[in-house]
Amino acid sequence: MTVKAYVLTERGLLRSEQVAYPMEERGLQFGDGVYEVVRLYSGTYIWLHEHLDRLYRSAAAIRLAVPFSHEELAERLEQLRRMNDVREDAILYLQVTRGSFPRSHAFPAENRPNLYAYIQPMARKTEEMARGVRAILTKDVRWEYCCIKSLNLLPNVLAKQEAVERGAFEAILHRDGVVTEGSSSNIFLVKHKTVYTHPATERILNGIVRTKVKEFCAELGIPFIEKAFSVSSLAEADELFLTSTTSAITPIVQVEETLIGNGEPGDVTKALQAAYQKATKPLPTA
């Protein structure tokens, strides 16, 4: 696969070198847009339609028109995959903005959104998933509507950078002592073989893998409770794990300087990882 050889835009499929937008692009100047990241395993999209459903919900929440219907966009993304001859593990990045217009805070009178999508290789984080990762704690200073997958990610970027600088994999965000989610993930606590996670309110992004974990728990008979938990409860957890499109289901074995459980991935997390692997085993791609 040639990285980003072909890119899908609102004008159709183009060579990557043909894609350019004016500097007065509202996604660039205002963060006025939404996005999705979709996993591909062995060249197969994983839960593409669930991601597109969320894209359209996010777009509707900010009164943004996506230039293609759901089914048409799915077809064009499949064409993008074929044109790039994607056969390995990769991610799709898809972004829709309100368009390119002379700078003004108010919406432009004309509806002319920009869209672009590209695919790039990304290996699975197998080592992290096997041994677990360390996380830090940081205050959640994001806006009130984290349920919208918008382009306004600066607080997330700063939290992730703090984690990187402190030798950690993720930053666990909290408001008033309550854990919300990670800088780019959902956070789960396991106690007495029961899984807890923050409810899917406006304070978190309801991750696609998060929704699948809920389904896996039902299939495996693991109690799943959508209930907020405190920062102080992390130290008493039997297990912790995070989920995201790029990190799948990854154990958290240490928060700050505190080991979680015995400092190794737990049985519930491993069972959910096995369910994830089974659910995402790709079919042969033509």
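Remember, it's a predicted structure, so these values are computed and weren't measured experimentally.

What counts as what
- Residues numbered from 1 in each chain as written.
- Predicted model: local features only at pLDDT ≥ 70, side-chain atom pairs only at ≥ 80, totals over all residues.
- Heavy atoms only, no water.
- Axes fitted to C-alpha atoms, helices over the stretch in contact; angles between N-to-C directions.
- Helix = DSSP H or I, 4+ residues; strand = E, 2+ residues; numbered from the N terminus.
- Parallel < 35°, antiparallel > 145°, perpendicular 65-115°, else oblique.
- Left-handed = near helix turned anticlockwise from the far one by under 90°.
- Contact = heavy atoms within 4.5 Å.
- Domains from an automatic or database assignment.
- Buried area = accessible area lost by both parts, 1.4 Å probe.
- Salt bridge = Lys/Arg side-chain N within 4 Å of Asp/Glu carboxyl O.
- Polar contact = N/O pair within 3.5 Å; in protein donor to acceptor, adjacent residues only side chain to side chain.
- Nonpolar A, V, L, I, M, F, W, Y, C, P; charged D, E, K, R; others polar.
- Buried < 20%, exposed > 50% of the residue type's maximum accessible area, 1.4 Å probe, protein only.
- Pairing = 2+ DSSP bridges.

Caption draft 1: The packing of helix H2 (residues 48-61) against helix H3 (residues 70-83), seen in detail. The interhelical angle for the contact between H2 and H3, taken along N-to-C directions, is 130 degrees, at an axis separation of 11 Å. The angle between H2 and H3 falls in the class oblique. H3 is crossed by H2, and the crossing has right-handed handedness. Contact residues: H2 offers Leu48, His49, Leu52, Asp53, Leu55 and Tyr56, while H3 offers His70, Glu71, Leu73, Ala74 and Leu77.

Caption draft 2: Broad picture of the domain arrangement of the protein. Taken domain by domain, the protein comprises domain 1 (6-121) and domain 2 (126-280). If you average the C-alpha positions of domain 1 and of domain 2, the two centres end up 27 Å apart. Facing the 23 residues of domain 1 at the interface are 20 residues of domain 2. Taken together, both faces of the contact between domain 1 and domain 2 bury some 1,700 Å²; the carbon and sulfur share is 65%. Per-residue buried area on domain 1 facing domain 2 is highest for Tyr35, Trp47 and Arg54; these three make up 40% of the total on that side. Applying the counting criterion to the domain 1 and domain 2 interface returns 1 salt bridge. The tally of links between domain 1 and domain 2 comes to 7 residue pairs in polar contact (both at pLDDT 80 or more). Those elements giving two or more residues to the side of domain 1 that touches domain 2 turn out to be helix H1 (26-30), strand S3 (33-41), H2 and strand S5 (90-97). No other element matches the 8 residues that S3 contributes to the side of domain 1 that touches domain 2. Its residues placed into classes, the side of domain 1 that touches domain 2 shows 12 nonpolar, 7 polar and 4 charged.

Caption draft 3: Structural context of the pattern of salt bridges. One pass over the full model with this rule turns up 26 salt bridges. A salt bridge links Arg175 to Glu144; its shortest N-O distance comes to 3.7 Å. Separated by 31 residues along the polypeptide, Arg175 in strand S8 (residues 170-175) and Glu144 in the loop between strand S7 (133-139) and helix H5 (154-165) bring together distant segments of the chain. On the accessibility criterion, Arg175 (13% relative accessible area) is buried. One salt-bridge network, held together by shared partners, links Asp140, Arg142, Glu144, Arg175, Glu181 and Arg203.

Caption draft 4: Spotlight on the pairing of S5. Taken across its 8 residues, S5 has 8 buried, putting it largely inside the fold. Two strands pair when backbone bridges link them, and S5 and strand S6 (residues 114-121) are joined in this way by 8 bridges, in the antiparallel orientation. Residue pairing for S6: Ile91 is matched across the bridge by Gln120.

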